[in-house]
Amino acid sequence: MTGDEASVAAGAEIQNEPEVELGEAELLLRAVLDNLPVAVCRYDREGIFRFHDGKGLELSGGVRPGELLGKSVYELYAGAPDGVEAIRQAIEGKGSHVVTEAHGLTWETWYVPVRHGGEPGAVSITMDATAARQREQELRNKLELIEKQQRVIRDLSTPIIEVWDKVLTLPMVGVVDSLRIAEVMDNLLTAIVNKDARYAILDLTGVDAVDTRTAGYIIEMIKAIRLLGAEGIVTGIRSNVAQTMIALGLDLSGVTTVGNLRAGLKLCMRRMAAAGDPGAAGCVPVK
């Protein structure tokens with residue numbers, strides 16, 4: 001037998017094991033390799049390909065099953081040091097799992113230590129994860145969109161309106177929970193500073209209910225407004241909201257409250273006019 005004939009025979013021995021009746025595991029493996037976008041390779045202790053198959057190879061630059069048998073992974077993929085190092089570590093007994101981008105696709109690979117005939121080696125199982133990653137990104141985009149929409153809805157339901165020079169009003173609608181009121185407080189205090197406001201009217205006419213923490217937040221908001229040199233006025237408190245505040249034992253003696261938004265605006269105008277504030281000049285008194 002010539003040297004070339006011996007090489008061919010050796011290659012055939014690597015690629016084509018003697019045909020035997022397939023066991024259950026082999027049957028299942030064959031079904032996976034032939035039908036799913038995966039590529040499975042086995043490397044011996046020197047990093048030589050001893051198994052190279054799977055439908056996923058069609059997507060990886062057109063490499064054919066068995067084409068790399070007998071070749072060194074270290075030489076073929078010297079330009080991909082991360083993958084080569086993962087294989088080296090697997091041969092040494094340390095498995096890993098990585099996600100990479102190649103050929104315009106996303107690949108997910110598991111590197112698994114194995115022993116064959118008592119010799120150490122490694123198996124790599126690579127799967128085309130492009131579709132899964134795309135679905136994950138689409139879901140993430142949808143969640144971000146929902147979050148943005150929720151922020152817009154919260155902003156629309158709690159708009160801060162400059163009704164007059166140095167007078168802000170914050171009409172609130174619906175059920176006000178502690179999370180929402182905390183965000184409102186930040187926005188309102190920022191607006192007071194930016195607009196150099198003297199008065200901030202918190203209108204609760206449209207508020208159906210508040211939880212116990214929220215009632216306390218409202219009082220804290222009034223105190224924070226006062227610390228900024230402005231005055232907080234609460235208007236339109238419903239009876240059930242008032243009962244909640246009283247039941248909590250909250251001290252409302254330092255809080256200015258009036259029946260409705262109209263009355264709150266009249267109060268601001270009167271106080272600004274009495275203080276000779278230029279912002280009240282030209283204001284038509286509200287009857």
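Since the model is a prediction, treat every value here as computed from it, not as a measurement. (Residues numbered from 1 in each chain as written. Predicted model: local features only at pLDDT ≥ 70, side-chain atom pairs only at ≥ 80, totals over all residues. Heavy atoms only, no water.)

**Topic: the overall build of the protein chain**
Point 1. Looking only at helices and strands, one finds nine helices and 10 strands in the protein chain.
Point 2. Buried residues in the protein chain amount to 32% of all 287 residues.
Point 3. Sequence separation of at least 24 residues holds for 55% of the intrachain contacts in the protein chain that already meet a minimum separation of 6.
Point 4. Element-wise, carbon and sulfur atoms account for 56% of the exposed surface of the protein chain, whose accessible area totals about 17,200 Å². (Helix = DSSP H or I, 4+ residues; strand = E, 2+ residues; numbered from the N terminus. Buried < 20%, exposed > 50% of the residue type's maximum accessible area, 1.4 Å probe, protein only. Contact = heavy atoms within 4.5 Å. Areas by Shrake-Rupley, 256 points an atom, 1.4 Å probe, with all protein chains shown as cover.)

**Some points on the nonpolar core**
Point 1. Counting 29 residues, the largest nonpolar core has Met-172, Leu-188, Ile-192, Leu-202, Leu-204, Met-221 and Ile-225 as the members making the most contacts within it.
Point 2. Taken together, the elements giving at least two residues each to this core come down to β7 (167–176), α6 (178–195), β8 (199–210), α7 (212–227) and α8 (239–247). (Core = buried A, V, L, I, M, F, W, Y, C linked by side-chain atoms within 4.5 Å.)

**Here we look at the side chain of Thr-169**
Point 1. Within the fold, Thr-169 resides in strand β7.
Point 2. Setting aside residues up to four positions removed in sequence, Thr-169 forms contacts with Pro-159, Ile-160, Ile-161, Val-163, Ile-201 and Leu-261.

**Side note on the pattern of salt bridges**
Point 1. For the structure on display, the rule yields 11 salt bridges.
Point 2. Note that Arg-140 and Glu-136 form a salt bridge whose closest N and O atoms lie 2.9 Å from each other. A residue pair is termed a helical-turn pair when its members lie 3 or 4 positions apart in one helix, as Arg-140 and Glu-136 do in helix α5 (residues 130–157) at four residues.
Point 3. Note on Arg-140: relative accessible area 34%, which makes it partly exposed. (Salt bridge = Lys/Arg side-chain N within 4 Å of Asp/Glu carboxyl O.)

**A closer look at the environment of Trp-107**
Point 1. Position of Trp-107 relative to the elements: it lies in strand β4 (residues 105–116).
Point 2. With a relative accessible area of 6%, Trp-107 lands in the buried category.
Point 3. As a C-alpha pair, Trp-107 and Val-38 span 69 residues in sequence and 9.4 Å in three-dimensional space.

**Description of α7**
Point 1. Across its 16 residues, α7 extends 24 Å between first and last C-alpha, which sits within 8% of the 22 Å expected from 1.5 Å per residue.
Point 2. Residues of α7 that are buried include every one of Thr-214, Ala-215, Ile-218, Ile-219, Met-221, Ile-222, Ala-224 and Ile-225, and no others.
Point 3. Of the residues one or two after α7, Gly-229 is the one with positive phi, at around 85 degrees. (Expected span 1.5 Å × (residues − 1).)

**Observations regarding the confidence of the model for the protein chain**
Point 1. With 83% of its residues at a pLDDT of 70 or more, the protein chain has an overall mean of 80.
Point 2. Averaged over each element, pLDDT in the protein chain is lowest for helix α1 (residues 3–15) (42) and highest for strand β9 (residues 231–235) (93).
Point 3. In the predicted structure, residues 1–20 sits below a pLDDT of 50 and forms five contacts with residues beyond four places in sequence or in another chain. (pLDDT = per-residue confidence, 0-100.)

**Regarding the pairing of β4**
Point 1. Bridging between β4 and strand β5 (residues 119–128) involves 10 bridges; their strand directions are antiparallel. What sits directly across from Glu-108, in β5, is Met-127.
Point 2. Joining the antiparallel neighbours β4 and β5 is a turn of two residues, in which Gly-117 adopts a positive phi near 65 degrees. (Pairing = 2+ DSSP bridges.)

**A closer look at the packing of aromatic side chains**
Point 1. Across all of its chains, the model carries one aromatic pair by this definition.
Point 2. Directly above the aromatic system of Tyr-74 lies the positively charged group of Arg-88, at a separation of 4.5 Å from the ring centroid. (Phe/Tyr/Trp six-rings, centres within 6.5 Å; stacked < 30°, edge-to-face > 60°. Lys NZ or Arg CZ within 6 Å of the ring centre and 35° of its normal.)

**Quick word on the environment of Pro-65**
Point 1. Note that Pro-65 resides in the loop between β2 (49–53) and α3 (73–76).
Point 2. The spatial distance from the C-alpha of Pro-65 to the C-alpha of Phe-51 is 8.8 Å, given a sequence separation of 14 residues.
Point 3. Excluding its chain neighbours within four sequence positions, the residues that come into contact with Pro-65 are His-52, Asp-53, Gly-54 and Leu-57.

**Topic: the pairing of strand β1 (residues 38–43)**
Point 1. Among the six residues of β1, five are classified as buried, and the element is accordingly described as predominantly covered.
Point 2. Pairing of β1 with β5 involves six bridges; the strand directions are antiparallel. Across the sheet, Ala-39 pairs through a bridge with Thr-126, a residue of β5.
Point 3. With four bridges connecting them, β1 and β2 associate as antiparallel partners. By the bridge assignment, Tyr-43 is partnered in β2 with Phe-49.
Point 4. Counting the residues in the hairpin turn of β1 and β2 gives five residues, including Gly-47, whose phi is positive at 80 degrees.

**What about the side chain of Thr-109?**
Point 1. Residue position: Thr-109 is located in strand β4.
Point 2. Of the polar contacts made by the side chain of Thr-109, one reaches the side chain of Thr-126; its length is 3.1 Å.
Point 3. Not counting the four nearest positions on each side in its chain, Thr-109 is found in contact with Ser-96, His-97, Val-98, Ser-124, Ile-125 and Thr-126. (Polar contact = N/O pair within 3.5 Å; in protein donor to acceptor, adjacent residues only side chain to side chain.)

**Considerations on unusual backbone geometry**
Leaving glycine out, the prevailing phi sign among residues is negative, and the prevailing peptide bond configuration is trans.
Point 1. For Lys-166, which is not a glycine, the phi torsion comes out positive at approximately 75 degrees.
Point 2. Its location among the elements puts Lys-166 in the loop between β6 (161–164) and β7.
Point 3. Although it is not a glycine, Asp-196 adopts a positive phi angle of roughly 50 degrees.
Point 4. Asp-196 gets classed as partly exposed once you look at its relative accessible area, which sits at 49%.

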